[in-house]
Amino acid sequence: MSAPYALHGNIAVITLDNPPVNGLGHALRTAIVNGINAAQDDAAVGAIVLIGAGKAFSGGADIREFNTPKALAEPALNTVLRTVESSTRPVIAAIHTVAMGGGLELALSCHYRVAVPGAQIALPEVKLGLLPGAGGTQRLPRVVGLETALNMIVSGAPVMSEKLAKTQLFDQMIDGDLLQGAIAFAQKVVAEKQPLKLVRNLKIDHPNPEGFLKFALNTVMTVAKNYPAPPACVEALQAAVTLPFEQGLAKERELFLKLVQTPESRALRHAFFAERAASKIPDVPDDTPLRAIKKAAVIGAGTMGGGIAMNFANAGIPVTMVEMKQDALEKGLGIVTKNYESTAKKGRLTPEKMQQRLALIKGSMNYADIADADIVIEAVFEDMGVKEQVFKKLDETMKPGAILASNTSTLDVDQIASFTKRPQDVIGTHFFSPANVMKLLEIVRGKATAKDALATTMKLSKTIKKTGVVSGVCDGFIGNRMLEQYLRQAMFLVEEGALPWDVDRAMEKFGMAMGPFRMSDMAGLDVGWYIRKRRYAEKPNMVYSRWVDRICEMGRYGQKTGAGVYRYEAGKRDAIPDPAIADLVVNYSKETGVTRRKVGDDEIVHRCVYALVNEGAKILEEGIAMRASDIDLVYLTGYGFPLYRGGPMQYADQQGLVNVVAAMRRFAKNPHGDQQFWEPAPLLAKLAAEGKTFNG
Ligand SMILES: NC(=O)c1ccc[n+]([C@@H]2O[C@H](COP(=O)([O-])OP(=O)(O)OC[C@H]3O[C@@H](n4cnc5c(N)ncnc54)[C@H](O)[C@@H]3O)[C@@H](O)[C@H]2O)c1
């Protein structure tokens, strides 16, 4: 990495060079300042061009330096901007591909800016719960206008440079070679003795800026609800229109520092890094050679099989679905077609793209047709006997080196691997329903799974736009194993005095996309009932509240049968509280000798979430999850946990693990439910005692 300094006649060119996106790390910041100073010490230099090497002008802060002393070490970004602004020679930013965050703020401090079309221009800080902290909120409205700046800063979304060509953001658009064009522009500036223009001196041009921003603030507050950053962005813009520039900068700084400390911004930044960390597998080096995935197959064209096949087709990978019976195959293919048609009808897919995707999905009743697939994902009935048959058949049929994956949600992937003579090629790929929509993919690493099979599956998760998280083999893997404890608490809470809709309301107020009972009704109550019946036999000492079983015994399985914990009106999905179920739970409490009491929202939230946390701690300790942030990612992407809380482990960290443990000890004194469960997991107890956190 360097920022080479070169002279092109009387123009000094400073090249920002810090792959992959010229993040403004400490070394690059230093190099820019040195370059500007060197140019000013050289009487022969008339102007300076700042240009990015490789794939960006600059993508902003260097995320590798986040939370390290280097991030704030001098020259800090603001020092760089001041150096640029006070240069006695005009500085020209030459922009291509990407100018985002601090990168755009750097360009805004330059005297002139030129750009090629097709460059992405953005201030994306709001996505991390922040606002641009180096003058972005003060300078951008001065060049692109208040409304455009507001949209860009509050959404964080990129805008193409050509769309901004007519604004004062760019002094010239360059067609052809950017460096040559920028040098020619700089020479003209020198020859014509053009002034040292500063964005800070421009006026914001708007007929009624304060009225507009007042209106914008109301709108943003309604939409942003649980996120403090978007309204703070509007406040910073208010400062830009009402205060002198330096005071506006100070206000921006103050708001930025406030946002950095909010749990919401911490959570968003945590989720951002969790996503990046998840693909790193400590004993599988980044350069592990991957297997090529050019052709895929899916066994079973049911609920999951069809959705899984769509993921491959969406990524341009041909896929064949194999079924046992013609009618099941036709039904499966029909659902896939309907799904695409409905997306196309909503205008989210062109008819041509739909045809292309459909053409990539074939059906077959014959395993021989998939023998040359690079990966096959089994999604047949959840029954070990059926899985055994299928995997034996796959072992006989598939070409050597093919990855044999199972979509099982509860069965032992090691046992499934043992049905083949190539357990190294067997892996779990646990998709979530609907498989073409849900982001999460739990990648289950078996005892024998080869490192390259794991690395290839992780890479595949990115190709098909999923968030891949590695889990070890255990009952329920990361997500469902934790969910069982969460649901168990939800059921106890109802037995003790809450009504099911009280629990759902409290959890939805906490931020869950859906409360536990609405979610169970949607998934089908029979799924959980089936698992519980197995548990009653396997773990007779584990206590369960059994009122949901009573509902199942009535044939009420949730949305699909028109009634479950809630009732549903024909053709509708709205969950309607049902007095019959209120009676059922009250009677259940009576029968089991529980005196019902008022259960507060705090108790509901903490018992449900800390149940996730305690089981999560065990999962971490057992090495089923590689890191706490992986657990958080599973809950954020697969279970509707609120993003602004960062996941259950992050939430526990924010509450303070000492407080989490104290709450568990209180819950353990409750005469009902499972007192033993509230014994804090050893890892949790240890971290709490040491004053540490899960996420470090
Ligand atoms: N439904 C979910 O929400 C969900 C979520 C995650 C994982 N899973 C898992 O995915 C798998 C499939 O679940 P589903 O809900 O799609 O089931 P499903 O009953 O909707 O579909 C299974 C399909 O497999 C076919 N099949 C059965 N045996 C076969 C064989 N030997 N060869 C070819 N096809 C065969 C059946 O005809 C049926 O169409 C299960 O292991 C399940 O645990 C389901």
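Here, the structure is the one placed above.
If you're wondering where the values come from, they're calculated on a predicted model, not measured in any experiment.

## Section: the overall build of the chain
Within the chain, the regular secondary structure consists of 28 helices and 17 strands. Taken against the 2.2 N^0.38 rule, which gives 26 Å for 696 residues, the C-alpha radius of gyration of the chain at 29 Å falls within 12% of a compact globule. With the C-alpha coordinates aligned to their principal axes, the bounding extent of the chain is approximately 90 × 60 × 50 Å. Within the chain, the proportion of its 696 residues that are buried is 54%. When contacts within the chain are restricted to residue pairs at least 6 apart in sequence, long-range pairs at least 24 apart make up 73% of them. On the chain, the mean spot of the 82 positive side-chain charges and the mean spot of the 74 negative ones are 2 Å from each other.

## A look at the site of the ligand
Residues in contact with the ligand amount to 23 residues; listed here are only the nearest, Met304, Glu323, Glu382, Lys387 and Ser409. Within the side chain of glutamate 382, a nitrogen or oxygen atom sits 2.5 Å from an oxygen atom of the ligand. Here an oxygen atom of the ligand sits 2.9 Å away from a polar atom, N or O, in the side chain of asparagine 407. Alone, the ligand offers 830 Å² of accessible surface; in the complex the protein occludes 79% of this. Contributing elements (two or more residues each) for the shell around the ligand: helix H12 (303-314), helix H15 (384-397) and strand E15 (426-431). Here the shell around the ligand gets 3 residues from one element, more than from any other, and that element is H15.

## Structural notes on the sheet that holds strand E8 (residues 159-160)
Sheet architecture is open: 3 strands sit in the order E5-E7-E8, paired in mixed fashion. Of all strands in the sheet, those bounded by a partner on one side alone are strand E5 (98-100) and E8. Strand contacts of helix H4 (residues 102-109): E5 and strand E7 (120-122), with the helix running at about 90 degrees to E5, the strand carrying the most contacts.

## Considering the sheet that holds strand E10 (residues 296-299)
Pairing is mixed across the open sheet formed by 8 strands, whose spatial order is E12-E11-E10-E13-E14-E15-E16-E17. With one partner strand each, in any of the chains shown, strand E12 (361-364) and strand E17 (467-471) form the two edges of the open sheet. For this sheet the average axis-to-axis angle between neighbouring strands, irrespective of direction, equals 25 degrees. Sheet analysis places E15 next to strand E16 (residues 440-444), joined by 4 bridges and oriented antiparallel. Across the sheet, the residue bridging to histidine 430 is glutamate 442, located in E16.

## Digging into empty space enclosed by the protein
A full pass over the atoms with the stated rule returns 1 cavity of 30 Å³ or more. Looking at the largest cavity, the residues that line it are Gln489, Arg607, Phe667, Asn670, His672, Gly673, Asp674 and Trp678.

## A closer look at the environment of lysine 590
Inspection of the secondary structure puts lysine 590 in helix H23 (residues 579-591). In sequence terms lysine 590 and glutamate 495 are 95 residues apart; their C-alpha atoms lie 9.2 Å from each other.

## Some remarks on the environment of aspartate 674
Tracing the chain through its elements places aspartate 674 in the loop between helix H27 (657-668) and helix H28 (682-689). Residues aspartate 674 and glycine 428, 246 residues apart in the sequence, show an inter-C-alpha distance of 31 Å. Ignoring any residue separated from it by four or fewer positions in sequence, one finds aspartate 674 in contact with Arg488, Phe492 and Val543. Among the polar contacts made by the side chain of aspartate 674, one reaches the main-chain amide nitrogen of glutamine 676 at a distance of 3.2 Å. Of note is the side chain of aspartate 674, whose polar atom sits 3.1 Å from the backbone nitrogen of phenylalanine 677.

## Examining the nonpolar core
Residues Met507, Phe517, Trp547, Tyr610 and Phe694 are the most contacted members of the largest nonpolar core, which totals 78 residues. If you tally residues by element for this core, the top one is helix H24 (residues 601-621), at 11 residues. In contact with methionine 507, other than residues within four places in its own chain, are Tyr486, Met512, Gly515, Pro516, Ile604, Val605, Cys608 and Val609. Counting 64 residues, the second largest nonpolar core, distinct from the first, contains Val126, Ile204, Val220 and Phe256.

## A few points about helix H10 (residues 245-260)
End to end, H10 covers 23 Å across 16 residues, agreeing with the expected 22 Å (1.5 Å per residue, within 8%). Taken together, the buried positions of H10 are Phe245, Gly248, Leu249, Glu252, Leu255, Phe256 and Leu259. Along the axis of H10, the buried positions cluster into a sector of 130 degrees, meaning they face one direction only. Elements in contact with the buried residues of H10: helix H5 (136-144), helix H9 (229-242) and helix H11 (263-278).

## Here we look at the environment of proline 318
Tracing the sequence through the fold places proline 318 in the loop between H12 and strand E11 (319-322). A relative accessible area of 31% places proline 318 in the partly exposed class. For proline 318 and valine 298, which are 20 residues apart along the polypeptide, the C-alpha to C-alpha distance reads 11 Å. If sequence neighbours within four positions are ignored, proline 318 has contacts with Lys294, Lys295, Ala296 and Leu360.

Definitions and limits used
Residues numbered from 1 in each chain as written. Predicted model: local features only at pLDDT ≥ 70, side-chain atom pairs only at ≥ 80, totals over all residues. Heavy atoms only, no water. Helix = DSSP H or I, 4+ residues; strand = E, 2+ residues; numbered from the N terminus. Rg over C-alpha atoms; globule rule 2.2 N^0.38 Å. Buried < 20%, exposed > 50% of the residue type's maximum accessible area, 1.4 Å probe, protein only. Contact = heavy atoms within 4.5 Å. Lys, Arg positive; Asp, Glu negative; His and termini not counted. Charge placed at Lys NZ, Arg CZ, Asp CG, Glu CD. Near = heavy atom within 4 Å. Polar contact = N/O pair within 3.5 Å; in protein donor to acceptor, adjacent residues only side chain to side chain. Areas by Shrake-Rupley, 256 points an atom, 1.4 Å probe, with all protein chains shown as cover. Pairing = 2+ DSSP bridges. Axes fitted to C-alpha atoms, helices over the stretch in contact; angles between N-to-C directions. 1 Å grid on protein atoms, 1.4 Å probe; cavity = no way out; pocket = protein on both sides within 12 Å on 5 of 7 lines; lining within 4 Å. Points joined across faces, edges and corners; volume = space filled by probe spheres on them. Core = buried A, V, L, I, M, F, W, Y, C linked by side-chain atoms within 4.5 Å. Expected span 1.5 Å × (residues − 1). Arc of directions from axis to C-beta.

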